[in-house]
Every structure is written in C-alpha cells, then in structure tokens.
Amino acid sequence: MCPVRTQRRRQYWQYLPNKLTFHAHISSQVLVTTSCNRSDTFLIAMAALSADQSRPLALAAAAGAGLLYTAQQLIKAITRRRDPALGREAGSSGGNGSLWQPNPNPKWQPPHKQPAPFGSDEMHTVDPAKLPTDAMYPLIISAVVPRPIGFVSTQNSEGRGNLAPYSYFNVMAHNPPTVAIGCSASRLRSHGRKDTLVNILETGEFVVNIMSEWFVEAANHCCGNFDYGEDEMELSGLTPLPHDNERSAESQCAVAGRGCMMTWKPPAHTSLDCNSTSCDHVKPRRVKESAVQMECVLRTTHEVKDSSGTVTCVIVIGEVVLMHVHEGVAGKSPSGKLIVDINKYRPISRLGGNTYGRVAGLFDLPRPDRGPTQQKLQYTSTAS
Ligand SMILES: Cc1cc2nc3c(=O)[nH]c(=O)nc-3n(C[C@H](O)[C@H](O)[C@H](O)COP(=O)(O)O)c2cc1C
C-alpha cells in the first residue's frame with residue numbers, strides 16, 4: 001500500500017469503483033491509499049487534479065501520486081528478468097495477470113544459507129507408533145500439502161456408477177503413466193472398503209478426473225456417505241461423458257481435434273494387451289466438467305496394515321491407458337509438445353482439515369545440472 005499525505009481539512013472527493021482497490025478522502029489530511037502494482041495511482045492523480053485544480057496541495061498530491069506511479073513502473077522494469085527455462089518474464093502474468101510472481105529469493109547463490117523464519121529450533125517430534133490412532137490423520141494431512149485430488153469415477157459389475165474425491169493421490173511414473181490412490185478403510189461398510197475400491201477390485205478399471213475451481217462444490221458433494229450403488233455423478237449434477245461408441249461420428253474426439261478433448265493414447269510398447277489404435281477406453285464415465293481425465297486400468301494393490309494386522313488403507317496402482325485434455329486448457333511446451341496450461345486449468349488441491357487450495361504465486365527456477373564435460377554446476381532448463 002502506498003499512502004500519500006497532504007494537509008487538507010475538507011473532504012472533497014471519494015472514488016470507490018467496484019474493482020479498483022483504492023480510495024481517497026480528505027479530513028485532517030488527504031490520505032490516498034492505493035495498491036502499489038496498479039496504475040491506480042495515476043488515476044488518483046488525475047482525479048485530484050480535476051477535483052480542484054486551483055489548490056496547490058491538490059496539485060502536490062497529484063504530482064506525488066504521479067511520481068509514485070512512475071517509480072512503480074521503474075521498479076517493475078528493473079525486477080523483470082527473462083526466465084531462461086521458459087522464455088517467460090519472471091514476475092509476468094503468463095497470460096491472466098495474477099498467477100506468476102518473481103521467485104522468493106532472486107538473489108540467492110549456492111551455498112548461501114536460507115534460514116527458516118522461526119525464533120527457536122524447537123520441534124514437536126512424533127513417533128507414529130506411540131501416537132493415539134486418531135492423532136496422526138490431522139497431523140499428516142495438514143503437513144503434506146498441497147495434495148492433488150484424484151476425482152475417481154468407477155462402475156460396479158452391474159454398470160452402476162460411483163464418483164468420489166481422493167487426495168491420497170498422485171502420479172508415480174510417466175512411462176507408462178502410472179497413478180496411485182490411497183483408499184482408507186471405510187467405517188461405514190462391514191467389509192471395510194470404500195465403494196471406489198470395491199468397484200476397482202471388481203472391474204479393474206477407473207477414471208481419474210482432475211478437479212478445477214469451476215466445479216469444486218459439486219465435486220466436494222461427492223464425498224458424502226451415500227449408499228453403495230448410489231451414483232454421485234447424478235446426485236451432484238455433474239455430467240457423465242458418453243463413451244466414444246455412443247457418440248455420433250462427427251462429435252467424436254480426435255487427437256488435436258478442435259472444440260473437443262485432445263486424446264492421448266499409449267504407445268504400442270505399453271504393457272497393455274492391445275495396440276494403440278484398437279484399445280478401447282474403460283467403462284467408468286468421465287466427468288465432463290473436468291478439463292483432464294485419465295482412463296486407468298488396475299495394475300496392482302498394496303495393503304497398508306496397522307500393528308494389529310488390520311488393513312487401514314489399500315493403495316491402488318493404475319496405469320493410464322488414455323488421457324483426455326480439454327482444448328480449453330491445452331497448451332504447448334517450448335518444444336511444441338502438448339501440455340496443460342496452468343493459467344486456464346485452475347486445479348484444486350487438498351490441504352489440512354476441510355481446506356482446499358487454489359494455484360497462485362507461481363515462479364520458475366531452472367534446475368542445477370552438471371553436464372558430462374562441465375566441471376561446474378550450471379542452471380539449465382529441463383523444460384521441453
Ligand atoms: C477432497 C477430499 C479428499 C479425500 N481424499 C480421500 C483419500 O485420499 N482417501 C480416502 O479414503 N478418502 C478420501 N476422502 C473421503 C472420500 O471421498 C469419502 O470417504 C467418500 O465417501 C468415498 O466414497 P466411495 O465410498 O464412494 O469411494 C476425501 C474427501 C475429500 C472431500
């Protein structure tokens with residue numbers, strides 16, 4: 001915030017437009033408050049001038065505000081650096097004006113210390129084996145953050161759909177693309193398995209949809225304790241995508257097709273028992289609202305057991321056999337490969353408790369690499 005003060009006594013203008021975050025008033029003194037990274041200061045200067053051109057203090061306020069604005073622009077220009085990895089200006093918006101920022105410590109050089117901002121070195125040290133069983137959950141889910149959320153669509157053997165969010169989720173490999181989901185034991189089912197797990201074990205298939213801001217409330221609704229066989233896609237109002245064979249030929253998605261999803265198929269050398277053209281997608285429905293959907297087949301499971309031997313979680317490991325990226329979020333890497341554009345994607349993550357997170361405050365840092373002929377570490381880009 002940039003306050004600008006003069007000594008006027010009388011209130012003579014106040015400007016509170018919806019979107020701009022500044023206001024100005026004069027009582028015992030003129031206080032002009034403005035956000036430093038906008039051109040609002042310039043507008044304030046103009047407003048002050050037009051409010052009372054004959055008064056020197058108003059002119060001084062205007063001149064001061066004008067100077068501040070110029071200084072901001074200069075600081076911006078100086079701190080703007082080109083990122084060697086992506087050719088993007090550090091601190092630039094990357095397209096939507098809000099996501100990208102400079103990295104936190106642009107002047108850091110190895111091996112400078114980067115101390116934590118705490119007054120003491122005191123730690124709470126926890127032995128999970130000695131902790132009450134209900135104490136580890138809030139601790140670990142608030143510590144390991146942010147977690148991506150797999151919004152998992154399955155079907156039972158009778159074709160009934162199921163949809164639920166899982167934040168014990170991540171991608172584990174890319175060749176072949178492999179994902180893992182942790183299905184904690186269910187207290188609601190006598191067999192102890194969540195419906196998602198029951199269906200995956202029954203059919204060997206699932207779809208991971210990625211959650212974006214625009215449908216997070218509906219997706220969150222799907223974590224409710226609904227009866228087995230109740231379809232959360234229906235209950236939440238989310239839209240099941242028809243399978244390719246149910247669509248008209250014209251509306252079928254194609255690789256790099258316009259106005260639809262871009263579909264990636266696994267290369268022929270994949271461990272699937274099919275080749276890239278004849279392989280059909282899995283039966284569970286994809287969520288239309290989701291910008292990225294991954295059709296998966298079950299590869300293996302791992303049972304997590306507590307000290308008494310009770311299964312507390314089953315980790316499902318699946319291979320992505322077909323991946324769909326909506327054209328609305330599709331972007332290109334510097335070498336022209338299909339990527340998901342973070343500025344348009346607006347993915348949601350899971351934090352502790354019931355907290356969700358948005359993506360903001362992004363910055364790039366190139367990786368330190370030592371080539372075979374180089375003695376010294378060099379910061380290079382691995383983005384391709
Ligand atoms: C954002 C979010 C993330 C969740 N992550 C998990 C998880 O990783 N593992 C889990 O077992 N349950 C998780 N849950 C709870 C399940 O979604 C919930 O138990 C749901 O009812 C399971 O549905 P299902 O029985 O149809 O599979 C999560 C809930 C929310 C809202």
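All chains use their own residue numbering, which begins from 1 and follows the written sequence. With the structure being a predicted model, the display of local features is reserved for residues of pLDDT at least 70 and the display and counting of side-chain atom pairs for 80 or more, all residues being used for whole-chain, interface and lining totals.

A. Highlighting the overall build of the chain. Runs of H or I in DSSP of at least four residues are treated as helices and runs of E of at least two as strands, each being numbered from the N terminus. The number of helices and strands found in the chain is seven helices and 20 strands. Burial is judged by counting the other C-beta atoms within 10 Å of a residue's own C-beta: 20 or more makes it buried, 12 or fewer makes it exposed, and any count in between marks it as partly exposed, with every C-beta position built from the backbone. Across the 384 residues of the chain, 24% fall into the buried class. Contact between residues is assigned whenever the C-beta positions, reconstructed from backbone atoms, fall within 7 Å. Restricting to contacts in the chain with at least 6 residues of sequence separation, those with at least 24 account for 58%.

B. Focus on the site of the ligand. With respect to spatial proximity, 17 residues lie near the ligand, and among them Ala 164, Tyr 168, Ser 184, Asp 195 and Thr 196 are the closest. Every element with two or more residues in the shell around the ligand is listed here: strand E8 (161–166), strand E10 (177–184) and helix H4 (195–203). Residues were grouped as follows: Ala, Val, Leu, Ile, Met, Phe, Trp, Tyr, Cys and Pro as nonpolar; Asp, Glu, Lys and Arg as charged; and all remaining residues, including Gly, as polar. Grouping the constituent residues of the shell around the ligand by class yields seven nonpolar, seven polar and three charged. What makes a residue near a molecule or strand is its C-beta atom, placed from the backbone, lying within 6 Å of it.

C. Spotlight on unusual backbone geometry. Look at the link from Pro 110 to Pro 111: it is a cis peptide, with omega at 0°. Mapped onto the secondary structure, Pro 111 falls in the loop between strand E5 (89–90) and helix H3 (136–143). For the peptide bond that leads from Val 145 to Pro 146, omega is -10°, which places it in the cis range. Its identity as a non-glycine residue notwithstanding, Arg 346 has a phi of 45°, on the positive side. Topologically, Arg 346 is positioned in the loop between helix H7 (342–345) and strand E17 (349–350). Of the residues examined, Arg 346 has 18 C-beta atoms within 10 Å and is grouped as partly exposed.

D. View of the sheet that holds strand E6 (residues 147–148). Two strands make a pair as long as DSSP finds a minimum of two bridges between them. Taken in spatial order, the three strands of this open sheet run E6-E17-E18, and their pairing is antiparallel. Unpaired on one side and paired on the other, E6 and strand E18 (356–357) mark the two borders of the sheet. As paired strands, E6 and E17 are joined by two bridges and run antiparallel to one another. Paired with Pro 148 across the two strands is Ser 349, which belongs to E17.

E. Summary view of the nonpolar core. A set of buried residues qualifies as a nonpolar core if it consists of Ala, Val, Leu, Ile, Met, Phe, Trp, Tyr and Cys joined through C-beta atoms within 7 Å. Membership of the largest hydrophobic core comes to 38 residues, with the highest contact counts inside it found for Phe 151, Val 179, Ile 181, Val 208 and Cys 296. Residue assignment for this core shows that the elements contributing at least two residues are strand E7 (150–155), E8, E10, H4, strand E11 (205–210), strand E13 (292–305) and strand E14 (311–326). Considering each element in turn, this core owes the most residues, six residues, to E14.

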